[in-house]
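Observations on chain architecture
In case you want the letters, here they are:
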Amino acid sequence: MSESKSSKSSSNLNPSPTLQCKDLHEYLKSRSPQFLETLYNYPTICLAVYRELPELARHFVIRLLFVEQPVPQAVVASWVSQAYSKEQNKACEALSELSVWQEAPIPGGLPGWILAQSFKKNLKVALLGGGRPWSMSSSLEPDGKARDIAFLDAYALERWECVLHYMVGSQQTEGISADAVRILLHAGLMTRDAEDGSAVITRAGFQFLLLSTAKQVWLFLQHYLHTAEKRSLSAAECLAFLYQLSFSTLGKDYSTEGLSNNMLVFLQHLREFGLVYQRKRKAGRFYPTRLALNIACVRGGAAPLEPTGGSKHGHILLETNYRVYAYTDSTLQIALLGLFTQLLYRFPNLVVGVLTRESVRQALRGGITAAQLIHYLEQHAHPQMLKSETGGIRSSSMLPPTVVDQIKLWESERNRFTYTEGVVYNQFLSQTDFVVLRDYARAQNVLTWQNERTRTMVVTRAGHDDVKKFWKRYSKNS
Amino acid sequence: MADEEAPVDSSLLIIIVDTNPNQRYITDDPKVLTNCLDAIIAFANSHLMQKQRNQLAVIGCHFHKSEYLYPSPSKPLDVRQIDGQYELFTLVEKTIKMRLVNLIKSQPQDEKAGESLLAGSIAMALCYIARMRLQLSPGLSMSSRILIITGSGDTAAQYINYMNVFFTAQKQQVLIDVCSLDKHLSLLQQGCDITGGLYLKVPSLDGLLQYLLWVFLPAANERGKLVLPGRGRVDYRAACFCHRELVTIGYVCSVCLSEVHGPQGAPGGTGVAAALTRARQTGGVGATGLEFIGSGGSIGRAGDAVRSRETLRASDSVMVDSSNRRARRGQGADMKVYPNAIEANIVQYGLTQLDEETEHPHSTAADIHSTADRTTKQTLFTYERQIVDLYHLSKCRMENGISAKAFATESAVFLEIKRESNVGQVRFKWRYLIS
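Rules used throughout
Residues numbered from 1 in each chain as written. Chains lettered and ligands numbered in written order. Predicted model: local features only at pLDDT ≥ 70, side-chain atom pairs only at ≥ 80, totals over all residues. Helix = DSSP H or I, 4+ residues; strand = E, 2+ residues; numbered from the N terminus. Buried ≥ 20, exposed ≤ 12 C-beta atoms within 10 Å, placed from the backbone. Contact = placed C-beta atoms within 7 Å. Pairing = 2+ DSSP bridges. Core = buried A, V, L, I, M, F, W, Y, C linked by C-beta atoms within 7 Å. pLDDT = per-residue confidence, 0-100. Arc of directions from axis to C-beta. Axes fitted to C-alpha atoms, helices over the stretch in contact; angles between N-to-C directions. Parallel < 35°, antiparallel > 145°, perpendicular 65-115°, else oblique. Left-handed = near helix turned anticlockwise from the far one by under 90°. Nonpolar A, V, L, I, M, F, W, Y, C, P; charged D, E, K, R; others polar.

Some remarks on the overall build of chain B
In terms of helices and strands, chain B carries 13 helices and 15 strands. The 435 residues of chain B split such that 43% are buried. Sequence-distant contacts, at least 24 apart, represent 66% of the contacts inside chain B between residues at least 6 apart.

With respect to the overall build of chain A
Looking only at helices and strands, chain A has 22 helices and 16 strands in total. Considering only contacts within chain A whose residues lie at least 6 apart along the sequence, 64% involve residues at least 24 apart.

Quick notes on the sheet that holds strand E8 (residues 276–277) of chain A
Residues and elements named next belong to chain A. Taken in spatial order, the three strands make up an open sheet running E7-E9-E8, and their pairing is antiparallel. Of all the strands in the sheet, just strand E7 (254–255) and E8 have a single pairing partner and so form its edges. In this sheet, strand E9 (residues 285–288) lies alongside E8 in antiparallel orientation, the contact comprising two bridges. Note that in E9 the partner of Val276 across the bridge is Pro288.

Observations regarding unusual backbone geometry
With omega at -10°, the peptide bond leading from Tyr70 of chain B into Pro71 of chain B counts as cis. Note on placement: Pro71 of chain B falls in the loop between strand E3 (66–70) and helix H3 (87–105). In the Ramachandran plot, Asn445 of chain A falls in the positive-phi region, its phi being about 65° despite a non-glycine side chain. Examined against the element boundaries, Asn445 of chain A turns out to sit in the loop between helix H21 (431–443) and strand E15 (447–451). Assessed through the 8 C-beta atoms surrounding it within 10 Å, Asn445 of chain A is described here as exposed.

Considering the nonpolar core
Judged by nonpolar contacts, the single largest core of 186 residues is most densely connected at Ile45 of chain A together with Ile14, Ile15, Ile16, Ile59 and Ile148 of chain B. Apart from residues no more than four positions distant in its own chain, Ile16 of chain B is found in contact with Ile59, Cys61, Leu118, Ser121, Ile122, Ala125, Ile146, Leu147, Ile148 and Ile149 of chain B.

A closer look at the sheet that holds strand E3 (residues 101–105) of chain A
The strands that make up a sheet pair up through hydrogen bonds in the backbone, lying either parallel or antiparallel. Residues and elements named next belong to chain A. Strand order in this open sheet of three strands is E2-E4-E3, and the pairing throughout is antiparallel. In the strand order of this sheet, the two ends are held by strand E2 (71–72) and E3, each with one partner. One ladder, built from two bridges, connects E2 with strand E4 (residues 111–115); its direction is antiparallel. Its bridge partner being in E4, Val71 is matched across the sheet by Trp113.

Focus: the pairing of strand E2 (residues 55–61) of chain B
All names here are of chain B. Where burial is concerned, most of E2 is hidden: five out of the seven residues are buried. Inspection of the sheet shows strand E1 (residues 10–18) paired to E2 by seven bridges, in the parallel sense. Across the sheet, residue Ile16 finds its bridge partner in E2, namely Ile59. By the bridge criterion, four bridges tie E2 to E3 in an arrangement that is antiparallel. By the bridge assignment for E3, Ile59 is matched with Tyr68. Between E2 and E3, which pair antiparallel in sequence order, lie four residues.

A closer look at the confidence of the model for chain B
A low pLDDT means the predicted coordinates there should not be read in detail. Residue and element names in this part refer to chain B. Residue-level pLDDT values for chain B average 67, and 57% of them are 70 or greater. Note on residues 1–7: pLDDT under 50 across the span, and 13 contacts to partners over four residues away in sequence or across chains. Every residue in residues 264–380 is under pLDDT 50, and counting partners more than four places away or in other chains gives 182 contacts. The complex model carries a pTM of 0.69, and its ipTM stands at 0.75.

Focus on the environment of Ala74 of chain A
Residue and element names in this part refer to chain A. Here Ala74 is to be found in helix H6 (residues 73–77). By the C-beta count within 10 Å, which is 10 here, Ala74 ends up exposed. Sequence separation between Ala74 and Leu110 is 36 residues, and the spatial gap between their C-alpha atoms is 8.7 Å.

Quick word on helix H17 (residues 357–365) of chain A
Residue and element names in this part refer to chain A. Regarding H17, the residues found buried are Val360, Ala363 and Leu364. When H17 is viewed along its axis, its buried side chains cluster within an angular range of 100° and face the same direction. For H17, exposure combined with an orientation more than 90 degrees from the buried face picks out Glu358 and Arg365. Of the surrounding elements, those touching the buried residues of H17 are helix H18 (370–379) and helix H20 (401–412).

Points about the pairing of strand E13 (residues 351–354) of chain A
Only one face of E13 of chain A is buried, namely the one carrying Val351 and Gly353 of chain A, since none of Val352 and Val354 of chain A on the opposite face is buried. Where strand E12 (residues 342–346) of chain A hands over to E13 of chain A, the hairpin turn is made up of four residues, counted between the paired strands.

Looking at the environment of Leu64 of chain A
All names here are of chain A. With respect to the helices and strands, Leu64 occurs in helix H5 (residues 55–64). By the C-beta count within 10 Å, which is 19 here, Leu64 ends up partly exposed. Excluding residues that lie within four positions of it along the chain, Leu64 makes contacts with Val71 and Leu115.

Let's talk about the packing of helix H5 (residues 159–171) of chain B against helix H6 (residues 186–195) of chain B
Residues and elements named next belong to chain B. One can describe the packing of H5 onto H6 by two numbers: an axis separation of 9 Å at closest approach and a directional angle of 20°. What the angle tells us is that H5 and H6 run roughly parallel. The way H5 lies across H6 gives a crossing that is right-handed. Here H5 contributes Tyr159, Tyr162, Phe166, Phe167, Ala169 and Gln170 to the contact with H6, which in turn contributes Leu187, Gln190, Gly191, Ile194 and Thr195. Across the contact of H5 with H6, the residue classes tally to seven nonpolar, four polar and no charged.

Describing the confidence of the model for chain A
Looking at chain A, pLDDT values average 80 and 87% of them are 70 or higher. Confidence over residues 300–305 of chain A falls short of pLDDT 50; this stretch has 19 contacts with residues more than four positions distant or in other chains.

Re the packing of helix H12 (residues 213–230) of chain A against helix H13 (residues 235–246) of chain A
Residues and elements named next belong to chain A. Relative to each other, H12 and H13 sit at 150°, their axes nearing to 9 Å. Taken together, the axes of H12 and H13 are roughly antiparallel relative to one another. You can see that H12 and H13 cross each other, and the crossing is right-handed. Contact residues: Leu221, Leu225, Ala228 and Glu229 in H12; Ala235, Cys238, Leu239 and Leu242 in H13. Looking at the contact of H12 with H13, its residues break down into seven nonpolar, no polar and one charged.

Now the structure itself:
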């Protein structure tokens, strides 16, 4: 008998890899506890982590914030009504994962929780004051050429679109630095063309383009932080600085005084992506833009603070007859729309397309998920869509339910296979051997498939060791 | 990325701080106010800390006016960080403190401190909420609540204003929470109960911040998940319109719904008795019922001739409507409002807690009350003596076989029926007999 292992890598299991965009919680979860420990020395990070927690967990923290001794776990459990014990477990888990609290025994021998010292201290600082001011807030002379919010919005948008435009058509290379390109390549959003070495967009890159701006920025910065460690920039320091920016006030200038050299380098990079505005490199002051402020609301649901009254608010109308009307003249937006719609007409300020099975399937084949598509349409929905009521039914989405359902159906019709990892056993010498092993596997509940005529069976990966041991024992005895 | 479900909306919290200098805890030790204020500011900041989109407003309520403490109606202060505190929180703290000083300085020096204008502040808060809702970008939802922190005593002088704002808040789905620093406040507690908010009387001022954080920090949608103090018993006594005092038994006008404390009427020519007298003088009683406006002492249309059937109908429908409204408030209390013009004086009755002090010695209601069985709940009808005489009364009793007691006073007849009896039947008979 031989066993042929079909060791499928995870990419095989998931034929169209989708772009993973972790939120802060997931990002921090994947880091080491030591890293978290250093992070919690920054009040900004504590504040950001606090906001990322599930709602029940937030109440746990605030209730424990002024308690110095450990609190019995049973007491914490009694704060939540019985019906929501599941959510309570989730909240406790989240707090443990991020090492916001630790288990601590109580003199009576009961298990208890205590908030991590540095987290507690610095959250208190952020909430109530005390400690040292954040690095960027030394006092400044009033700026003679102060910039208003509209200017900053326009600036941020222009800078960020520059990066996106580069991704779509890399012919336009001015205004983007080698560093940014390196990050895009590192993130797998772009790849070097085999022939001429120019950067071209990947499938992941297209998915990236469909994300909301806040998520794009956050994902981009995540990869920046990864590469930052290689460039001897401390990720913790960068992250803390980023969150300082996100907790700053829009339209206000901040001082670069007291920033370390590393942070000044980092600031220049942020300036390039449009997260901060600086008139001159040596200006001594900078203005955070909305892009920086929105880092803190990457978590799903928390809609980013969009510039109010801007024409960029939303431009897509989707009708129940699958027609898509997009009021835009941006080639980027049109290219994105073209990913999943069949474009029909084009006018100076309007593009009309239709969602067809073919066009959507083409997008799905490219690794874009239905959820991403729907989210993109929601994100860029025209204000008129937001106002319209869906026939008195308050659905979670403002898009026509028929279209949303159909897109989901088109996706699920592609996923008719379910993949299970397994090990094939075949070429049994005798029928009895086969039957014995098959029955054993079946009894262990690890048998996936078997065929008596060809004497082939498949057991799950988890059950493989057990079945193999049994086979060794069995063949020794016989 | 399946993290797009469960829309996380924002929450707007409006804190109304009673800054009246004649609150007991301030007169005892003025320094306590600073501590309380610090606690309130810390609480306000923790609300802002919950979510990025959370909004906050603080209203200072004084005896001469109410004013926004935060956000400042004029240009916001230019605040720089002084320590590790989040800039926004520093701004909140500085703005509130600065504007509170201005508010206290602006109080008229020669005037004696009166009652805090809490009802006015709540109305301001409701206006603010309405404005914020208008400004909300489409597709987003916002839950709003009002927290009143006060150490003032209970007073019924603003009763009507209170009820107006409470019902408006209920209609606007705004929760009203009340944190009492000193005495038990039955009127505001009614407001909490009407709007679904929480009421808490803080046992000691030392741990004020902890009480606030534990009880009042969770937003409306999170409250179901956490174990929070229950409603407790709510005292639903209404205040009479003539004296602004809480009464156990009140009489409700069928038309304008004003409540008076007794059929004998109040001094100063207001009340039922006065209305009756005048109506009789002008000869317009008949089956018209009576109208009177409680507090002003002016009598509505009592002098008009017999009202047509149509007007009666119209007023009936008003009654039905308002009886629903009252019924919501009257859970726990047995309040019945009958849509019949002749039954002008309807008795609110049946509160489990009876306060001897609030009863008016001169009212007949009190007399009846003393004879009535206090434990069994009853319905009382009152009729004008001129229309009904005791003969009819006894006949009605006999024919229905319902045990009832009748009382007659100089101006009216009262019929007291056991609660279990078929009231509708009695009423029908009654009308038949009278007509």
